[in-house]
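Commentary on secondary and tertiary structure
The primary structure of each chain is shown beneath.
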Amino acid sequence: MSILPADIIASLMMRTLYKPGTPAYNAVAFNKYTVGYSVREICEDARKLGVSLPRIESAL
């Protein structure tokens, strides 16, 4: 693979390894450690419980 240009390798990887439904795609798409994930989770739970969080919601 080192003889192929990087853009061709990237294109092949995006078409085979990182298409929706593959484990690699799911690992990136549903990453729970991204910035703001926990804040979004808190806001979703607060909405379900009927709690208002105006300061946090304005930050999103």
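Keep in mind the model is a prediction, meaning the values are calculated, not measured.

From N to C terminus, the chain includes four helices and zero strands. Listing every helix and strand of the chain by position from the N terminus yields α-α-α-α. The C-alpha atoms of the chain give 19 Å as radius of gyration, which overshoots the globular expectation for 60 residues (10 Å, by more than 25%). The dimensions of the chain, computed from C-alpha atoms along their principal axes, are 55 × 20 × 15 Å. Every one of the 60 residues in the chain was classed for burial, and the buried ones make up 8%.

Here the focus is a nonpolar patch on the surface. Residues M13, M14, L17, Y18 and V28 make up a contiguous nonpolar surface patch of roughly 470 Å² in combined accessible area. Locating L17 in the fold gives a position in the loop between α1 (6-16) and α2 (23-29).

So, about the side chain of T22. Along the chain, the position of T22 falls in the loop between α1 and α2. Take T22: its relative accessible area is 14%, and that puts it in the buried class.

Taking 1.5 Å per residue as the helical rise, helix α3 (residues 37-49) with its 13 residues ought to reach 18 Å, and the 19 Å between its terminal C-alpha atoms agrees with that figure. At the exit of α3 stands G50, carrying a positive phi of roughly 80 degrees.

Scoring rules and cut-offs
- Residues numbered from 1 in each chain as written.
- Predicted model: local features only at pLDDT ≥ 70, side-chain atom pairs only at ≥ 80, totals over all residues.
- Heavy atoms only, no water.
- Helix = DSSP H or I, 4+ residues; strand = E, 2+ residues; numbered from the N terminus.
- Rg over C-alpha atoms; globule rule 2.2 N^0.38 Å.
- Buried < 20%, exposed > 50% of the residue type's maximum accessible area, 1.4 Å probe, protein only.
- Patch = residues over 30% accessible without salt bridge, like charges linked within 9 Å, V, L, I, M, F, W, Y side chains within 5 Å.
- Areas by Shrake-Rupley, 256 points an atom, 1.4 Å probe, with all protein chains shown as cover.
- Salt bridge = Lys/Arg side-chain N within 4 Å of Asp/Glu carboxyl O.
- Expected span 1.5 Å × (residues − 1).

What is shown is where atoms sit, not what they do.
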